[in-house]
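Observations on the three-dimensional arrangement
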Amino acid sequence: MLKPIAISLGLISLSLFTFNTQADEPLPDEVRVAYGGSSQVLVLAKVDGSLEKALNTKVKWVQFATGADALGYFASNAIDIANIGSSPAVAGLVRKLPIEIFGISGVIATSERLIAKDSINSLNDIEGKRVAYPPNSTAQYALDAAIAVNHIDRNKVTLIPLRPAEIVAAWKRGDIDAGYVWAPFAQELEISGGHPVFATKQLQQDGYLIYNNYVVRTAFAKAHPELLSQFLQIHQQKVDEFKRDPIKAAAIVAKDVGAPVTTATNTLSGLEYPTLQQQETAQWLGNGSDTDNSGIGQAVHKTAGFLESIGEVRQRDIPNSFEKGINVSYLKNAIAAQAQQ
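- The protein chain goes by ABC transporter substrate-binding protein in an unreviewed UniProt entry, where it is assigned to Yersinia alsatica.

This is the structure:
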């Protein structure tokens, strides 16, 4: 999102101690984890079964095409946990879906980017051109922010909302001049004659934090807090595994998602991974004492403003505080459990 782990007796006893104030709930028959089907460190835990071992129950892996699809799954109670982008997560919170952000899976750097044809060599060249993007996604947010900070006249850009696979098809038909998208679709555009013009990481200097996060159904979180702590520990182990041997990890992920190893490598290395300890700092999720002013808290408010500006959510629905939608208690317990290992 490293080596496979087994839950030690010490970890089990710590888990029981940490959560002994919670009402005991039997383990669910399965935990339904949704992911985009593209290259991500969490796939390492899918392949080696380490997430199932840590949670001590079956994991059902559910693929989705966009974050908007994942929100639909949450709304219909079809999934428990999802790795989705910040934009759809915030949209879900504003729409009062009973979900919580409980961890950062990766900060988007170069894994999402604008791929363009030869006539576009800089971001300003998109004026007068047709640019596609996946709606209600981190890619759309990045594209909109890039247009704003570079003072591009958006009225002169033909912006076309398309699902990722549709972007590739439209590109090959010659219906679009550029697409802002993630892997493996970005690589497909590059293979078909495109070249990268702009990457999401470039927005960090302008104060935009765009990321992927782990989101959970609130009811599931309340019933099984210990599973979320274990989930985050597995995430960190897989990040460590990737960093120790990026080539080996990319090969494992590539085989599972059906992508070339170069694509998996490009995607996995195109994210930045704050550790669990870093995520608890004010720069990221914070320690729960001033959530709205943490780095992610501020990013959530900024993202909500963006979603309102494009008509995705209504201003009157945006809460003054997102404290209830960002829960760091599972992160804290994960860090405490790590310290005991």
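**A closer look at the overall build of the protein chain**
- Along the protein chain, the regular secondary structure elements total 15 helices and 11 strands.
- At 20 Å, the protein chain has a C-alpha radius of gyration in line with the 20 Å of a compact globule built from 341 residues.
- With respect to the three principal axes, the spread of C-alpha positions in the protein chain is 60 × 45 × 35 Å.
- When burial is assessed residue by residue, the protein chain has 55% of its 341 residues classed as buried.
- Here the protein chain contributes 30 positive and 34 negative side-chain charges, whose respective centroids are spaced 3 Å apart.

**Overview of the UniProt feature "domain: Solute-binding protein family 3/N-terminal" (unreviewed entry) in the protein chain**
- In this structure's numbering, the residues bearing the UniProt feature "domain: Solute-binding protein family 3/N-terminal" (unreviewed entry) are residues 30-245.
- Split by type, residues 30-245 is 40% helix and 26% strand. Its first and last C-alpha atoms lie 31 Å apart.

**Some words on the packing of helix α5 (residues 86-94) against helix α14 (residues 295-309)**
- At a minimum axis separation of 9 Å, α5 and α14 run at an interaxial angle of 80°. The angle between α5 and α14 places the two elements in the roughly perpendicular class. Judged by residue contacts, S86, S87, V90, A91 and V94 of α5 engage V300, T303, A304, F306 and L307 from α14.
- Partitioning the contact of α5 with α14 into residue classes produces seven nonpolar, three polar and no charged.

Rules used throughout
Each chain carries its own residue numbering, running from 1 in the direction its sequence is written. It should be noted that, the model being predicted, local features are given only for residues of pLDDT at least 70 and side-chain atom pairs only at 80 or more, the latter also being counted only at that level, while totals for whole chains, interfaces and linings use all residues. Side-chain measures were taken over the full set of non-hydrogen atoms in the model, leaving aside hydrogen atoms and water. Numbered from the N terminus, helices here are DSSP runs of H or I no shorter than four residues, and strands are runs of E no shorter than two. The reference for a compact globule is 2.2 Å times residues^0.38; the radius of gyration itself is calculated from the C-alpha atoms. Relative accessibility thresholds used throughout: buried, under 20% of the residue-type maximum; exposed, over 50%; partly exposed, between the two (1.4 Å probe, protein chains only). By the counting scheme adopted, Arg and Lys are positive, Glu and Asp are negative, and His together with the chain ends is not counted. Working definition for charges: the position is that of NZ of Lys, CZ of Arg, CG of Asp or CD of Glu. UniProt positions are given in the numbering used here, feature names are shortened, and annotations may be inferred rather than shown by experiment. Every axis in this analysis is a line fitted to C-alpha atoms, fitted for helices over the stretch in contact. Angles between the N-to-C directions lie between 0 and 180 degrees. By the definition adopted for this analysis, an angle is roughly parallel if under 35 degrees, roughly antiparallel if over 145, roughly perpendicular if from 65 to 115, and oblique otherwise. Contact criterion: two residues are considered in contact whenever any of their non-hydrogen atoms come within 4.5 Å of each other. Nonpolar residues are Ala, Val, Leu, Ile, Met, Phe, Trp, Tyr, Cys and Pro. Charged residues are Asp, Glu, Lys and Arg, and all others, Gly as well, are polar.

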